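Structural overview for review
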Amino acid sequence: MYKTVAKRLPGVRIIIVVCIVIFIIAEVSPVVWMLLSSIKSPDQFQRSMLELPQKFYFKNYVDAWIRGNFQFYLRNSAVATFSALFVILTLGSMIGFAVQKMKWKLSRLTLIIFLSGIMIPQMILLLPQFLIFKRIGLYDNLLALTVAYSVLQLPISIYLFVNFFSYLPNEIMESAVIDGCSIYGIFFRIVLPLSVN
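Keep in mind it's a predicted model, so treat the numbers as computed, not measured.

What counts, and at which threshold
- Residues numbered from 1 in each chain as written.
- Predicted model: local features only at pLDDT ≥ 70, side-chain atom pairs only at ≥ 80, totals over all residues.
- Heavy atoms only, no water.
- Helix = DSSP H or I, 4+ residues; strand = E, 2+ residues; numbered from the N terminus.
- Buried < 20%, exposed > 50% of the residue type's maximum accessible area, 1.4 Å probe, protein only.
- Polar contact = N/O pair within 3.5 Å; in protein donor to acceptor, adjacent residues only side chain to side chain.
- Salt bridge = Lys/Arg side-chain N within 4 Å of Asp/Glu carboxyl O.
- Core = buried A, V, L, I, M, F, W, Y, C linked by side-chain atoms within 4.5 Å.
- Contact = heavy atoms within 4.5 Å.

1. Overview of the side chain of Gln44
The topology assignment puts Gln44 in helix α3 (residues 42-47). A relative accessible area of 2% means that Gln44 is categorised as buried. A polar atom in the side chain of Gln44 sits 3.3 Å from the side chain of Glu51.

2. Re the pattern of salt bridges
Counting across every chain of the model gives three salt bridges. A salt bridge links Lys59 to Asp63, with the nearest nitrogen and oxygen atoms 3.2 Å apart. With Lys59 and Asp63 both in helix α4 (residues 59-66) and four residues apart, the pair spans about one turn of that helix. Note that Arg67 and Asp63 form a salt bridge whose closest N and O atoms lie 3.7 Å from each other. The class of Arg67 is exposed, set by a relative accessible area of 68%. Several salt bridges converge on common partners, so that one network encompasses Lys59, Asp63 and Arg67.

3. A look at the nonpolar core
Grouped burial of nonpolar side chains is what soluble globular proteins tend to show. In this structure, Phe97, Phe161, Phe165, Leu168, Met173, Ala176, Ile186, Phe187, Ile190 and Val191 together form the largest nonpolar core, which totals ten residues. Put simply, the parts of the chain that give this core at least two residues each are α8 (142-166), α9 (170-178) and α10 (183-196). The dominant element in this core, judged by the number of residues it contributes, is α10, at four residues. Beyond its immediate stretch of four places on either side in the chain, Phe97 contacts Met102, Phe165, Met173, Ile183, Ile186, Phe187 and Val191. The next biggest cluster of nonpolar side chains, apart from the first, holds six residues, and it includes Ile95, Leu111, Ile158 and Val162.

Right, dumping it as structure tokens:
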């Protein structure tokens, strides 16, 4: 459709290309500005935030690593992110399989409840999360960050797994059941390897 319209109206193609270029510039320019600012000396940065660096001042990176204790925060981010990723992928795949392939009475309602979490803006949850974590003693704790990441991203993970499992032929699982495979065997030995590929 795009090619047909572009052939008939060459001006449309130019407008689309211009819009794409503007979008790319708007996305890339803050990153470029941040990288250029990171190699300016503190005096030059305070004097003018827009001028190009006069010389490469890599001491900023050394200061961030040593004085800013960057390795500590990097480690915390890695632990929280990978822990949450493990929880999201494990629970998301299991719930998606249970809802899409296992037929039970409340499967559709369960899916709707989980997917309704996608519609909740994350900013609304910041204050309640903070108060709950503080009340249960998880304030300033990596476990709280892992739980928050997992809960916020689990609905979209379930949605993606449900869509994937909907294209998985039921005949594969029926053959496994005939061969004597349990539901856990079907998930761990057939469905999960297929979803990894």
